[in-house]
Amino acid sequence: LYNRLSVTNKIIDLYHSEACKCLIVHGRAGVGKSSLLNQVLAAISKQDGSFVAQAKFEQAGINPLAIVAQMFNSLCEAFIRDAQPRAKAAVTRELELALGVAGIKSLSLVVPSLSGLLASSDTGSGVQYMNRAASVSYALGKLLEVISAHFVPVTLLIDDLQFADGISRSIISSMLENAAQPTFFVCCYRDDDVKPGDDFSSWLQSVESSDIEKVKIENLSLDGVNEMMSESL
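These remarks concern the structure in this document. Please read all numbers here as calculations on a predicted model, not as lab measurements.

## Quick look at the overall build of the chain
And step 1. Each helix and strand counted, the chain has nine helices and five strands in total.
And step 2. Its helices and strands taken in sequence order, the chain reads α-β-α-β-α-α-α-α-β-α-β-α-β-α from the N to the C terminus.
And step 3. Looking at the chain residue by residue over its 233 residues, the buried ones come to 45%.

In structure tokens:
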């Protein structure tokens, strides 16, 4: 980790802290934020068996909302693959109560792997929930809540958040506001692409709370550069 033991330990401590549910990591482009987070979260996952679902926004993304959907799709695939039958049945039952079968089918158009949890083809029981289930934000939040309650600890790593569209940021805000343990959020952005008073800065201010911590990744120190060069030779 190239002489970044201090910041690495801070990230690990915040992950294990019950007082922190979201870590916001920032720094200039190219300082190694993504690489550091991937290594640290992989090490944590190896220890506690947690699952890391990732989303990375692109500057010229055609459909940024699809990035969030892909993150949830990977979470559903992992749950269907690894969870016990009893847990799968419980998740299906709780999602049907919250969204209705029709609501789940509608959400599965956004998160295709979710169709693997459908218990039947009957859509009648979902009619009374359709207005509420039509909210993508509500439906994705409920999906995260229900799966997290019956699965290994879940970490959502959302990278280059400064490129996210307003709808995606709104969904993330809602999840941060309503998510319960054991879900842990890691949001990452570039300082270079953020200006005081812009939409993203306003969003950052809107999500500030006592259970959200910030960590800044600085440029590599001279010792870190020497360590990296030694490994490459």
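## Details of the nonpolar core
And step 1. With 51 residues, the main nonpolar core has F72, L75, L95, L114, F151 and L161 as its most contacted residues.
And step 2. For this core, the element with the most residues is helix α3 (residues 65-82), which contributes eight residues.
And step 3. In this structure L95 touches G100, I104, L114, L117, K142, L143 and V146, once residues within four positions along its chain are discounted.
And step 4. Counting 19 residues, the second largest nonpolar core, distinct from the first, contains V7, I11, I44 and L157.

## Some remarks on the sheet that holds strand β1 (residues 22-27)
And step 1. With parallel pairing, the five strands of this open sheet are ordered in space as β2-β3-β4-β1-β5. Edge strands, defined here as strands with exactly one partner in the open sheet, are β2 (51-56) and β5 (212-216). Each adjacent strand pair in this sheet contributes to an overall mean axis angle of 15°, direction not counted.
And step 2. Alignment of β1 against β5, held across five bridges, turns out to be parallel. Residue pairing across strands places L23 opposite E213, the latter belonging to β5.

## Some points on helix α4 (residues 85-108)
And step 1. Given a rise of 1.5 Å per residue, 24 residues ought to cover 34 Å, yet the end C-alpha atoms of α4 are separated by just 20 Å, more than 12% below that figure.
And step 2. The sharpest bend along α4 comes to roughly 95°, located at L99.

## Let's talk about α3
And step 1. The first and last C-alpha atoms of α3 sit 26 Å apart over 18 residues, in line with the 26 Å expected at 1.5 Å per residue.
And step 2. Every buried residue of α3 is accounted for by I67, V68, A69, M71, F72, N73, L75, C76, A78 and F79.
And step 3. The inward-facing, buried residues of α3 abut β2, α4, α6 (136-149), β3 (154-159) and α7 (166-178).

## Things to note about the packing of α3 against α6
And step 1. At a minimum axis separation of 11 Å, α3 and α6 run at an interaxial angle of 25°. It follows from the interaxial angle that α3 and α6 lie roughly parallel. The handedness of the crossing between α3 and α6 comes out as left-handed. Where α3 abuts α6, its residues V68, F72, L75, C76 and F79 lie against L140, L143, L144 and I147.
And step 2. The residue makeup of the contact of α3 with α6, split by class, is nine nonpolar, no polar and no charged.

## What about the pairing of β2?
And step 1. What you see with β2 is a clean split: F51, A53 and A55 sit on the buried side and V52, Q54 and K56 on the side with no burial.
And step 2. Across six bridges, the pairing between β2 and β3 is parallel. Paired with Q54 across the strands is L157, a residue of β3.

## Quick notes on the packing of α6 against α7
And step 1. Here α6 crosses α7 at 45°, and the two axes come no closer than 9 Å. The orientation of α6 relative to α7 falls into the category oblique. α6 and α7 meet at a crossing whose hand is right-handed. Contacts between α6 and α7 involve V136, S137, L140, G141 and L144 on the former and, on the latter, S170, I171, S174 and M175.
And step 2. Grouping the amino acids of the contact of α6 with α7 by side-chain chemistry returns five nonpolar, four polar and no charged.

## A closer look at the side chain of R4
And step 1. If you trace the backbone, R4 turns up in the segment before α1 (5-16).
And step 2. It is E218 that comes nearest to the buried, bridge-free R4 among opposite-charge side chains, at 8.0 Å.

## A word on the packing of aromatic side chains
And step 1. Under the definition given, this model contains five aromatic pairs.
And step 2. Taking the centre distance of 6.5 Å and the plane angle of 50° together, the rings of F51 and F151 count as tilted. With F51 in strand β2 and F151 in the loop between α6 and β3, the pair connects residues that are 100 residues apart, well separated along the chain.
And step 3. Accessibility expressed as a relative area gives 18% for F51, which makes it buried.
And step 4. Classification of F151 by relative accessible area gives buried; the value is 16%.
And step 5. Each ring, one from F200 and one from W203, has its centre 5.8 Å from the other, and the planes form 20°; the classification is stacked. One end of the pair is F200 and the other is W203, both in helix α8 (residues 199-207) and three residues apart, which spans about a single turn. For the pair F200 and W203, a shared accessibility class is recorded, and that class is buried.

Criteria and thresholds
- Residues numbered from 1 in each chain as written.
- Predicted model: local features only at pLDDT ≥ 70, side-chain atom pairs only at ≥ 80, totals over all residues.
- Heavy atoms only, no water.
- Helix = DSSP H or I, 4+ residues; strand = E, 2+ residues; numbered from the N terminus.
- Buried < 20%, exposed > 50% of the residue type's maximum accessible area, 1.4 Å probe, protein only.
- Core = buried A, V, L, I, M, F, W, Y, C linked by side-chain atoms within 4.5 Å.
- Contact = heavy atoms within 4.5 Å.
- Pairing = 2+ DSSP bridges.
- Axes fitted to C-alpha atoms, helices over the stretch in contact; angles between N-to-C directions.
- Expected span 1.5 Å × (residues − 1).
- Bend = angle between axes of the 7 residues up to and from the residue.
- Parallel < 35°, antiparallel > 145°, perpendicular 65-115°, else oblique.
- Left-handed = near helix turned anticlockwise from the far one by under 90°.
- Nonpolar A, V, L, I, M, F, W, Y, C, P; charged D, E, K, R; others polar.
- Lys, Arg positive; Asp, Glu negative; His and termini not counted.
- Salt bridge = Lys/Arg side-chain N within 4 Å of Asp/Glu carboxyl O.
- Phe/Tyr/Trp six-rings, centres within 6.5 Å; stacked < 30°, edge-to-face > 60°.

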